Amino acid sequence: LHNNEFGSAGIQALFEGLGCGSAPSLRYLSLGGNLFGPVGARALAAALRRGSMPKLEILHLTGNPIGMEDDCVATLAAPLRKLPLKRLILFKNDIGDEGAKAIGEALLVNAVLTKLWLHNNSIGNVGAAAIAEALKVNGSLTKLWLYNNKIGDAGGTALAA
């Protein structure tokens, strides 16, 4: 479903439909480039909370400005704590420090995520420090993309530690 024109209404209808009949065997969901923003991200989060996709391993959300509202990434990150998600692709989503902090909190309890794409966002020192704290206890993450953000000396130092 990548690079279509679902927008907020289409993506919301898709996930409301998943609430009626779940997708128990769905392992890879690619919704990048649909520009559905916070409304669509909240609909996705609700579907994930309902357990509509219990075997989801790869979630690709590139290019959907879900970080435009600070609480939106947190709403999406909360159900990710319980999924068997191995790859989370969130580049070009306007994610800032608050969103990165929510992702860091999810990483504290997630023991299966191995790859996380967060490049081309607006993550600064505070968000980088939150992710760095999570990496101290998260032993599963093997690849992390953070380039083209707003991380300075303090964030780099936190990540290096």
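Residues numbered from 1 in each chain as written. Predicted model: local features only at pLDDT ≥ 70, side-chain atom pairs only at ≥ 80, totals over all residues. Heavy atoms only, no water.

Caption draft 1: Looking closely at unusual backbone geometry. A positive phi angle, near 55 degrees, is found at Asn3, a position not held by glycine. You can see Asn3 is positioned in the segment before α1 (7-20). Although it is not a glycine, Leu35 adopts a positive phi angle of roughly 55 degrees. Here Leu35 shows up in the loop between β1 (28-30) and α2 (37-49). (Helix = DSSP H or I, 4+ residues; strand = E, 2+ residues; numbered from the N terminus.)

Caption draft 2: Region of interest: helix α5 (residues 125-135). The complete set of buried residues in α5 reads Gly127, Ala128, Ala130, Ile131, Ala132 and Ala134. For α5, the secondary structure elements touched by its buried residues are α4 (97-109), β5 (143-145) and α6 (153-160). (Buried < 20%, exposed > 50% of the residue type's maximum accessible area, 1.4 Å probe, protein only. Contact = heavy atoms within 4.5 Å.)

Caption draft 3: The arrangement of the nonpolar core in detail. Ranked by size, the top nonpolar core spans 37 residues in total, and within it Phe15, Leu44, Met53, Leu59 and Leu118 carry the most contacts. Of all the secondary-structure elements, those providing two or more residues to this core are α1, α2, α3 (70-80), α4 and α5. Broken down by element, this core gets its largest block of residues, six residues, from α2. (Core = buried A, V, L, I, M, F, W, Y, C linked by side-chain atoms within 4.5 Å.)

Caption draft 4: Seen up close, the sheet that holds strand β2 (residues 58-60). Taking strand neighbours across the sheet as the criterion, the five strands line up as β1-β2-β3-β4-β5 in an open arrangement whose pairing is parallel. Each edge of the open sheet is held by one strand with a lone partner, namely β1 and β5. Each strand of the sheet is rotated relative to its neighbour by a mean of 5 degrees, with strand direction disregarded. As judged from the three bridges shared by strand β3 (residues 87-89) and strand β4 (residues 115-117), these two strands associate in the parallel manner. Within the sheet, the bridge partner assigned to Ile89 lies in β4 and is Trp117. (Pairing = 2+ DSSP bridges. Axes fitted to C-alpha atoms, helices over the stretch in contact; angles between N-to-C directions.)

Caption draft 5: The arrangement of a nonpolar patch on the surface in detail. A surface patch of nonpolar side chains, amounting to about 280 Å² of accessible area, comprises Leu108, Val109 and Val137. With respect to the helices and strands, Val137 occurs in the loop between α5 and β5. The exposure class assigned to Val137 is exposed, which follows from its relative accessible area of 56%. (Patch = residues over 30% accessible without salt bridge, like charges linked within 9 Å, V, L, I, M, F, W, Y side chains within 5 Å. Areas by Shrake-Rupley, 256 points an atom, 1.4 Å probe, with all protein chains shown as cover. Salt bridge = Lys/Arg side-chain N within 4 Å of Asp/Glu carboxyl O.)

Caption draft 6: Region of the structure containing the pattern of salt bridges. Under the definition given, this model contains six salt bridges. Taking the shortest distance from any N to any O, the salt bridge between Lys101 and Glu98 comes out at 3.2 Å. Of this pair, Lys101 and Glu98 both sit in helix α4, separated by three residues, roughly a single helical turn. Look at Lys101 and you get partly exposed, because its relative accessible area is 28%.

Caption draft 7: Quick peek at the side chain of Asn64. Positionally, Asn64 belongs in the loop between β2 and α3. Using a relative accessible area of 0% as the deciding quantity, one classes Asn64 as buried. Within the local environment of Asn64, its side chain forms a polar contact with the backbone oxygen of Leu31, the two atoms lying 2.9 Å apart. Here Asn64 is in contact with Leu31, Gly32, Gly33, Asn34, Leu35, Phe36, Gly37, Lys92 and Asn93, once residues within four sequence places are set aside. (Polar contact = N/O pair within 3.5 Å; in protein donor to acceptor, adjacent residues only side chain to side chain.)

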